[in-house]
Amino acid sequence: MKEGQAKAIERLDYAPPAFWIDSVDLTFDLDPAKTRVLNKMQVRRNSAAAPQALRLLGQELNLARVLVNGAGTSFKIEGDELVLENLPEGDAPFALEIFTTCAPAKNTQLSGLYVSQGTFFTQCEAEGFRRITYFLDRPDVMASYQVLLRASKADYPVLLSNGNLVESGELDDGRHFARWQDPHKKPSYLFALVAGKLVAREQQITSRAGNKHLLQVWVRPGDLGKTEHAMNSLMASIAWDEARFGLTLDLERFMIVATSDFNMGAMENKGLNIFNTKYVLASEATATDTDFANIESVVGHEYFHNWTGNRVTCRDWFQLSLKEGLTVFRDQEFSQDMAGSPSARAVKRIEDVRVLRTAQFPEDAGPMAHPVRPDSYVEINNFYTVTIYEKGAEVVRMQHRLVGREGFARGMKLYFERHDGQAVTCDDFAQAIADANPASPLALHLEQFKRWYSQAGTPHVKAVGQYDADAGRYTLTLSQSCAATPGQPNKLPFVIPVALGLLDAQGKALPLQLDGEATAGSTERTVVLTEESLTLGFVNVTSQPVPSLLRGFSAPVVLDHDYSDTELLTLLAHDGDAFNRWEAGQRLMLRIAINAIADSTITEGANGQIDQNLLPDALVQAMRAVLRHPQLDAAFKELVLTLPSESYIAEQLTQVDPQRVHAVREALRLQLALSLQADWAWAWDEHQASGAYRPDATSSGRRALAGLALAMLCLAARATGDEVWPGKTYQRFKIAANMTDRFNALSALVMSGHELAQPALARFHALFKDDALVLDKWFALQAGSTDRGGNVLPAVKALLKHPDFHIKNPNRARSVIFSYCSANPGAFHRRDAAGYVFWAERVLELDALNPQVAARLARALDRWSKLAEPYRTAAREAIARVAAKADLSNDVREVVTRALAD
Ligand code: TRP
Ligand code: ZN
């Protein structure tokens, strides 16, 4: 597959290209076994670069012909490069024509041109275009594209590419053609084509500016009925970007196409977004509320790339977060604005922070830690990470906070004025935001702020408060530190915005007045920590305050503060900041979990269970108060009453025994289930839906809380021997009017290990055997089951032999293998190491088919060095076994090499 050992690419080695490609004229004769690609380019030397050979990149191509200005020329092939040395002198453009063939039907990597269920698709980001034709396949080379597609009309009636359809018609032998022209220059990673039997939902819209556009969502014929939500989401995205940022759709036609074989979520190809079906298709019978929300957010994300990514793109792949961090920030804001009410916005914020802390914080503390703008990579596909996306979005969010909402909109405007049509860097973005807000703290500390782009690792902010009752003075000292990460032993101080407020003991917000200020201002402010430490003196504080720190999670840091339980209970009951209110509950439960894990007097029985109450009464009462609260939203209650995940708990420990973490968390869950039984029953009754299904924030929050209640009631039933709730749950499963309720009921039965789980699973499979996305849920639920501790692996192995399991399909592989290895720590980390053996086998099996997907799975053991024995040694051995394989892809090799170096 790949020859030799690839070496790392260094950010500081960046040099502009030696040649520019101004235009590309591509002709495709599409055939699954052998597709012919004629590539006619206008090329010219970059006069700013030293004279040198033209080195075009190509992978797995059969080269048939190279012509320069219509005549044959000498060339060499060196590895992946086609080297042309005898080119015309001077800066004048010349014509370069290259004819190659490739084999889309054999392309299991899903990068380049491939076939999925008889339809052709492309995926070119990051480096897939070179698998279609020889090219300067790098994002700073932007060209005008014209594309001619030719194929059998019966087999491929629909022929799509970027931009506008300029011509189409019949050819001989039952073939037809379509010619597309993209009015905008673009880098090669945004090229796309689709050809096959597809149908479209269409929508004509008129923008605020009065322009008409045609929107299309293309799917397989049977799926048209599931495209309404995606189309609505697209229309909402277009309206939102115009309203919030003044950014309009710059194309006459905007297309979304769905494929069931896709390595990631979706791709922002100019005017022709290609999506994983998971993020397009939805009906109330087949998709959950979470699916509906994800579709809205991913459709938004890809649409927003049209400006942040496509109109202004990345100079090189080290700048990936320039488009991804910014676009995630934009899709998060879009979802919040769509959710509407302040509490629904807070729920979305909590969900986003939860992703950051359970996935990105571990990444930032592990062997794959890298800055938001990395300095080095072996395989760029390994750097589409939660750090680039989610932490990158937090870095943009901090800029937003430091310049304010209006200031940020001004900054975006300046960014596009300066850089439209260019390939730029993260520095260019931050500079534009700062320059548009010269008096802001961002502009004041810009160089230091940019350490968020260059330094990896999660900073800790320690807060120490001291109250002087006589002087009415509260002193708060904030200090920061950041642990070493691979290649970065010492960190310099970050610019950390800390939003904060003070509450009195009764939970009332106190007006804030700092030393030297004449009067008290509002009850919340953002202080900016730039030094290692900062001391704030609050005056006229009449009683011992409870500090509410890092409100709204104003920076991606760990906040350490020695809260008493009483203080946390006060915050949980009263904080005006919904995020911190949730956070107080999480801190209380996390504290209990960590103490119990360390407490050797708390022991597990023969069944691995802890039969002991661990939560103090006051905390149970507080949780009951939240659950029964007359004003709080159901969605918020569901978040508060959900315990921190096993992986988040594990991250807080220096040494992790995954079985112990699992046992303690399960004990906490069981106690919440048993001690709040009557309250859960109340919550279930109280949150039944009435009326037609709608996936809006309020109704989905109600279903989420009802679903949690059902899960808790089934869990309690297992302990008490009650048969009423499992029976009710099975009944609900059978008659549910939507997938959210149905799946929550199924999950409650499976996770509580009730015998009704088996008939329910069988019934579910029979009902949905023809719907791939629903079958994915069916597989994932079983592989992710927290019940049956040691028995999940045999079940997973049996699932791999199921006739509906196909390892070449990434969604299906993820639903079984990843759900077990990455999302089910209690079942995966076995004392007999069988989980690790399974993991190593699957990594190798996948690597031969699809290195991108294999490398994601390889990361499941990133945190091996934190494991306690016997897990640690066994995990390391499994990684070493993978690393010892001779012809690994660069993708997997980079991951396991870094892991072993930890
Ligand atoms: N740019 C895409 C996004 O975030 C990500 C993506 C889609 C991708 N497919 C890919 C990245 C394949 C690498 C490889 O919206
Ligand atoms: Zn993106």
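Residues numbered from 1 in each chain as written. Chains lettered and ligands numbered in written order. Predicted model: local features only at pLDDT ≥ 70, side-chain atom pairs only at ≥ 80, totals over all residues. Heavy atoms only, no water.

- The protein chain is annotated in an unreviewed UniProt entry as Aminopeptidase N from Diaphorobacter limosus.
- Within the UniProt record for the protein chain, the comment given under Catalytic activity (unreviewed entry) is "Release of an N-terminal amino acid, Xaa-|-Yaa- from a peptide, amide or arylamide. Xaa is preferably Ala, but may be most amino acids including Pro (slow action). When a terminal hydrophobic residue is followed by a prolyl residue, the two may be released as an intact Xaa-Pro dipeptide." (UniProt positions renumbered as here; feature names shortened; annotations may be inferred.)

### Some points on the sheet that holds strand S31 (residues 533-538)
Alright, step 1. Ordered in space as S31-S27-S26-S33, the four strands form an open sheet in which the pairing is mixed. Of all the strands in the sheet, the pair left with one neighbour each is S31 and strand S33 (558-561). For this sheet the average axis-to-axis angle between neighbouring strands, irrespective of direction, equals 20°.
Alright, step 2. Looking at chain direction, strand S26 (residues 460-468) and S33 are connected through four bridges and run parallel. Of the residues in S33, the one forming a bridge with Ala-463 is His-561. (Pairing = 2+ DSSP bridges. Helix = DSSP H or I, 4+ residues; strand = E, 2+ residues; numbered from the N terminus. Axes fitted to C-alpha atoms, helices over the stretch in contact; angles between N-to-C directions.)

### Points about the UniProt feature "domain: Peptidase M1 alanyl aminopeptidase Ig-like fold" (unreviewed entry) in the protein chain
Alright, step 1. UniProt marks residues 457-561 with the feature "domain: Peptidase M1 alanyl aminopeptidase Ig-like fold" (unreviewed entry), using the numbering shown here.
Alright, step 2. Helix makes up 0% of residues 457-561 and strand 45%, with an end-to-end C-alpha separation of 20 Å.

### Topic: the packing of helix H17 (residues 697-720) against helix H19 (residues 739-751)
Alright, step 1. H19 packs onto H17 with a crossing angle of 20° between their chain directions and a minimal axis gap of 9 Å. When the axis of H17 is compared with that of H19, the two are roughly parallel. In the packing of H17 onto H19, the handedness of the crossing is right-handed. Listed contacts from H19 to Arg-703, Gly-707, Leu-710, Ala-711, Cys-714 and Arg-718 of H17 are Thr-740, Asp-741, Asn-744, Ala-745, Ala-748 and Met-751.
Alright, step 2. The residue inventory of the contact of H17 with H19, partitioned by class, reads six nonpolar, three polar and three charged. (Parallel < 35°, antiparallel > 145°, perpendicular 65-115°, else oblique. Left-handed = near helix turned anticlockwise from the far one by under 90°. Contact = heavy atoms within 4.5 Å. Nonpolar A, V, L, I, M, F, W, Y, C, P; charged D, E, K, R; others polar.)

### Some remarks on helix H20 (residues 757-768)
Alright, step 1. End to end, H20 covers 16 Å across 12 residues, agreeing with the expected 16 Å (1.5 Å per residue, within 8%).
Alright, step 2. Taken as a whole, H20 has its buried residues at Ala-757, Ala-760, Leu-761, Phe-764, His-765 and Phe-768. Taken end-on, H20 shows its buried residues confined to a sector of 135°, consistent with a single buried face.
Alright, step 3. For H20, the elements touching its buried residues are helix H18 (724-735), H19 and helix H21 (772-783). (Expected span 1.5 Å × (residues − 1). Buried < 20%, exposed > 50% of the residue type's maximum accessible area, 1.4 Å probe, protein only. Arc of directions from axis to C-beta.)

### What to know about the coordination of the zinc ion (ligand 2)
Six octahedral donors around a metal ideally make angles of 90 or 180 degrees; four tetrahedral donors ideally make 109.5 degrees.
Alright, step 1. Those donors, His-301 (NE2), His-305 (NE2), Glu-324 (OE) and Glu-324 (OE), are the protein atoms that reach the zinc ion (ligand 2), and they lie 1.9 to 2.8 Å from it.
Alright, step 2. For the zinc ion (ligand 2), the six donor atoms in the first shell make angles of 47 to 160° at the metal, a pattern classed as irregular.
Alright, step 3. We note that the donor set of the zinc ion (ligand 2) lies within a single chain, spaced as H-x3-H-x18-E.
Alright, step 4. By relative accessible area, which is 7% here, His-301 ends up buried. (Donors = N, O, S within 2.8 Å, 3.2 Å for Na, K, Ca; no water. Tetrahedral: all angles 85-135°; square planar, octahedral: opposite > 155°, others 65-115°.)

### Some points on the sheet that holds strand S13 (residues 158-161)
Alright, step 1. With antiparallel pairing, the four strands of this open sheet are ordered in space as S10-S11-S17-S13. Looking at the sheet topology across the chains shown, the edges are occupied by strand S10 (112-116) and S13. With direction set aside, neighbouring strand axes in the sheet form an average angle of 15°.
Alright, step 2. As defined by bridge partners, S13 adjoins strand S17 (residues 193-196) across four bridges and the pair is classed as antiparallel. Across the sheet, residue Ser-161 finds its bridge partner in S17, namely Leu-193.

### A word on the site of ligand 1
Alright, step 1. Taken together, 16 residues lie near ligand 1, and Glu-125, Ala-266, Glu-268, Glu-302 and Tyr-389 sit nearest.
Alright, step 2. One of the backbone N or O atoms of Ala-266 is found 3.5 Å from an oxygen atom in ligand 1.
Alright, step 3. The side chain of Glu-324 places a nitrogen or oxygen atom 3.1 Å from a nitrogen atom of ligand 1.
Alright, step 4. The protein chains hide 97% of the 370 Å² of surface that ligand 1 would expose on its own.
Alright, step 5. Every element with two or more residues in the shell around ligand 1 is listed here: strand S21 (266-267), helix H2 (289-304) and helix H3 (320-339). (Near = heavy atom within 4 Å. Polar contact = N/O pair within 3.5 Å; in protein donor to acceptor, adjacent residues only side chain to side chain. Areas by Shrake-Rupley, 256 points an atom, 1.4 Å probe, with all protein chains shown as cover.)

### Remarks on the environment of Arg-694
Alright, step 1. As for its position among the elements, Arg-694 is in the loop between helix H16 (677-686) and H17.
Alright, step 2. A relative accessible area of 52% means that Arg-694 is categorised as exposed.
Alright, step 3. Between the C-alpha atom of Arg-694 and that of Leu-87, which follows or precedes it by 607 residues, the distance is 62 Å.
Alright, step 4. When residues no more than four places from it in sequence are discounted, the contact partners of Arg-694 are Ser-699 and Arg-703.

### Digging into the domain arrangement of the protein chain
Alright, step 1. Domain boundaries assigned for the protein chain yield domain 1 (9-197), domain 2 (313-454), domain 3 (460-562) and domain 4 (769-902).
Alright, step 2. A straight line from the C-alpha centre of domain 2 to that of domain 4 covers 31 Å.
Alright, step 3. In this assembly, domain 2 packs against domain 4 so that about 1300 Å² is buried in total across both faces, 45% of it on carbon and sulfur atoms.
Alright, step 4. On the domain 2 side of the interface with domain 4, the three residues burying the most area are Pro-367, Met-368 and Asn-382, jointly 46% of the side's total.
Alright, step 5. Between the two partners, domain 2 and domain 4, sit one salt bridge.
Alright, step 6. A salt bridge links Glu-363 to Arg-859, with the nearest nitrogen and oxygen atoms 2.8 Å apart.
Alright, step 7. At the junction of domain 2 with domain 4, the criterion picks out 10 residue pairs in polar contact (both at pLDDT 80 or more).
Alright, step 8. Top element by residues in the side of domain 2 that touches domain 4 is helix H4 (residues 342-365). It accounts for three residues. (Domains from an automatic or database assignment. Buried area = accessible area lost by both parts, 1.4 Å probe. Salt bridge = Lys/Arg side-chain N within 4 Å of Asp/Glu carboxyl O.)

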